[in-house]
Every structure is written in structure tokens, then in C-alpha cells.
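Residue-level listing of the chains:
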Amino acid sequence: MSIVVQKWNELAEVKAELAARDWFFATSGNLSIKVTNDPLTFLVTASGKDKRKQTDEDFLLVDAAGRPAEQTHVKPSAETLLHTKIYGQTNAGCVLHVHTVDNNIISDVYAQNGEAVFSGQEIIKAFGIWEENAEVRIPIIDNDADIPTLAAEFAKHVDGDTGAVLIHNHGITVWGRDAFEAKKHLEAWEFLFSWQVKRLLLQRAAVPLAD
Ligand SMILES: CSC[C@@H](O)[C@@H](O)C(=O)COP(=O)(O)O
Ligand SMILES: [Zn+2]
């Protein structure tokens, strides 16, 4: 099996799992997986498609600049530039972007702080952090409609092989060394967002919480 087919299948599997979670509302979301390092190529979702559906045109191969690396009539994701920043600046192998109600609420509630901070949660260990009372932070950036401007701001927060950024009232972009890690981190972030949204609602309802 060629490396492209192998990576295609891997990304298709992640896509199906995220679809099963109903994380692709209204054609939102984009995913990619690195195929080769030198030259850099990666498979990225085709733009504007319903990512819950599985078709032979779900992904296309693009180069380091996000341009199609082979003849195709489908267009790369409108947000491919964000993926190129990650592959260009790190050794990440997979990038996942989803819009969920919870990630949008958290991005809005903490927008003024420029980040959301979480602690006191067992699931933080999914990020490979094992200390007691560990804290995790996710930056929140403005949702600039101009993709090069958005990508430039986004790139300032891309400094490791794993990471995540919230885009205000838009969604989350998570990356990891491989698809397994990217998905694990995405699920852990979404768990934290959902947990925090529910805590905020309970606090509002004056239900006593541990802290
Ligand atoms: C309808 S979602 C809005 C899109 O602009 C975008 O944010 C998105 O996530 C999907 O865009 P796509 O070009 O299909 O990758
Ligand atoms: Zn998006």
C-alpha cells in the first residue's frame, strides 16, 4: 500500500470517529495528516464538503504552501494555511479543526483573557502531564476573516509538536505528532470545555461545587 493510501485511510478513520461524535456541523471542520517530510506534503480535507460523508474526494494532497500537489478539481480547505504553519514550524503529523458549541462558548467566555485555563481534572493526564494540580492553558485568538492575517496570529502560538489554539467564536485547532495523539488531545480539550460550561451553568444556578 502506498504511503498516500495508508495516510488517507488513517485520516478517513479519524474523520469517521469525529463525525460519529457529531463534531462537523454544517460543513465546518478540517483535518490533515502529513504524508512526506522532504518535500513536505500532507493530505487535507477538501473545502466546503460535509465531513460526515465518506467519498473518494474527501482529501487532496498539498505542498508546504498548501497548494495542490497533484491534478485535482477539488479545493483544499479554506483554512489550509493554518495547517501549513503547524507542519512548517513543528514535527506534528496530524491537525484537527472542529467547531463545537462548547469550544465556541469557552472561546467567548474567556476571550478577554486571551486564554482559557483548566486545572483539577484527571483528564489533564491525556496531555502527558502527570503532576498533581496540573494546569493547562489554551490560547484564544481573534477570528480574523482574512485567512493570512488569522494564520499569522495563529502561528505565534505554534511552538511544539503538540498544541491547540481556540479561535474566538469559531472553533479549535489541535495538532499532535500523529493522528492518535491529535485525536486524544482534541477529545481531552472538548471534555474540559464541556465540563467547564456545565460548571459555569451550575454555579449560575447556585448549586454548590467543590471549588
Ligand atoms: C461552514 S464552516 C466555515 C468555514 O469557513 C471553516 O471555518 C471551516 O471549518 C470549514 O471550511 P473548509 O474550507 O471546508 O475547511
Ligand atoms: Zn473552521
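Rules behind the numbers
Numbering of residues starts from 1 in every chain and runs along the sequence as written. Throughout, the order in which chains and ligands are written sets their labels, letters from A for the former and numbers from 1 for the latter. Only residues with pLDDT of at least 70 are given local features in this predicted model, and only at 80 or more are side-chain atom pairs given and counted; all residues enter the totals for whole chains, interfaces and linings. Water and hydrogen atoms play no part in the side-chain values, which are based on all heavy atoms of the structure. Put simply, a nonpolar core is a bunch of buried Ala, Val, Leu, Ile, Met, Phe, Trp, Tyr and Cys residues held in one set by side-chain atoms that sit within 4.5 Å of each other. Whether a residue is buried, partly exposed or exposed follows from its accessible area with a 1.4 Å probe, protein chains only, as a fraction of its type maximum: under 20%, in between, or over 50%, in that order. The way it works is that DSSP assigns letters per residue, a run of H or I at least four long becomes a helix, a run of E at least two long becomes a strand, and they are numbered from the N terminus. Residue contacts follow a heavy-atom distance rule, with two residues in contact if any of their heavy atoms lie within 4.5 Å. To get an axis, a line is fitted to the C-alpha atoms, and for a helix only the part in contact is used. The angle between two axes follows their N-to-C directions and goes from 0 to 180 degrees. For classification purposes, an angle smaller than 35 degrees is called roughly parallel, one larger than 145 roughly antiparallel, one from 65 to 115 roughly perpendicular, and anything else oblique. Helix crossings fall into two classes, left-handed where the near helix is turned counterclockwise from the far one by less than a right angle and right-handed where it is turned clockwise. Polar here means any residue other than Ala, Val, Leu, Ile, Met, Phe, Trp, Tyr, Cys and Pro, which are nonpolar, and Asp, Glu, Lys and Arg, which are charged; Gly is therefore polar. When DSSP locates at least two bridges between a pair of strands, those strands are taken to pair. Note: the arc covers the axis-to-C-beta directions of the helix.

Caption draft 1: Broad picture of the nonpolar core. Counting residues in hydrophobic clusters, the biggest one holds 39 residues, and the most contacted among them are Leu 18, Phe 118, Ile 138, Ile 172 and Trp 189. It is helix 5 (residues 179-204) that provides the largest number of residues to this core, a total of 8 residues. Sequence-distant contacts of Phe 118, defined by excluding residues within four places in its chain, comprise Ile 106, Ile 124, Ala 134, Glu 135, Val 136, Ile 138, Trp 189, Leu 192, Phe 193 and Gln 196. Core analysis: the second largest hydrophobic core is formed by 20 residues, Val 44, Ala 46, Ala 92 and Phe 154 among them.

Caption draft 2: Geometry of the packing of helix 3 (residues 101-109) against helix 5. Between helix 3 and helix 5, the shortest axis-to-axis distance is 9 Å and the interhelical angle comes to 65°. Viewed along their axes, helix 3 and helix 5 adopt a mutual orientation that is roughly perpendicular. Handedness of the crossing formed by helix 3 with helix 5: left-handed. Facing Asp 102, Asn 103, Ile 105, Ile 106 and Val 109 of helix 3, the residues of helix 5 in contact are Glu 190, Phe 193, Ser 194, Gln 196, Val 197 and Leu 200. Among the residues forming the contact of helix 3 with helix 5, the class breakdown is 6 nonpolar, 3 polar and 2 charged.

Caption draft 3: Just the sheet that holds strand 6 (residues 135-141), in detail. Strand order in the open sheet formed by 8 strands is 3-2-1-4-8-7-6-5, with mixed pairing between adjacent strands. Looking along the sheet, the strands with just one partner apiece sit at the ends: strand 3 (59-63) and strand 5 (115-119). Strand-to-strand twist in this sheet, taken as the mean axis angle between neighbours without regard to direction, amounts to 20°. Packed on one face of the sheet, helix 1 (residues 3-20) meets strand 1 (30-37), strand 2 (40-45), strand 3 and strand 4 (94-98) and runs near 160° to strand 1. Contacting strand 6, strand 7 (163-167) and strand 8 (171-176), helix 4 (residues 147-155) runs over the sheet at an angle of about 155° to strand 6.

Caption draft 4: Quick peek at helix 3. Along helix 3, the positions that sit buried rather than exposed are Asn 103, Asn 104, Ile 106 and Ser 107. Viewed along the axis of helix 3, the buried residues span an arc of 165°, placing them on a single side of the element.

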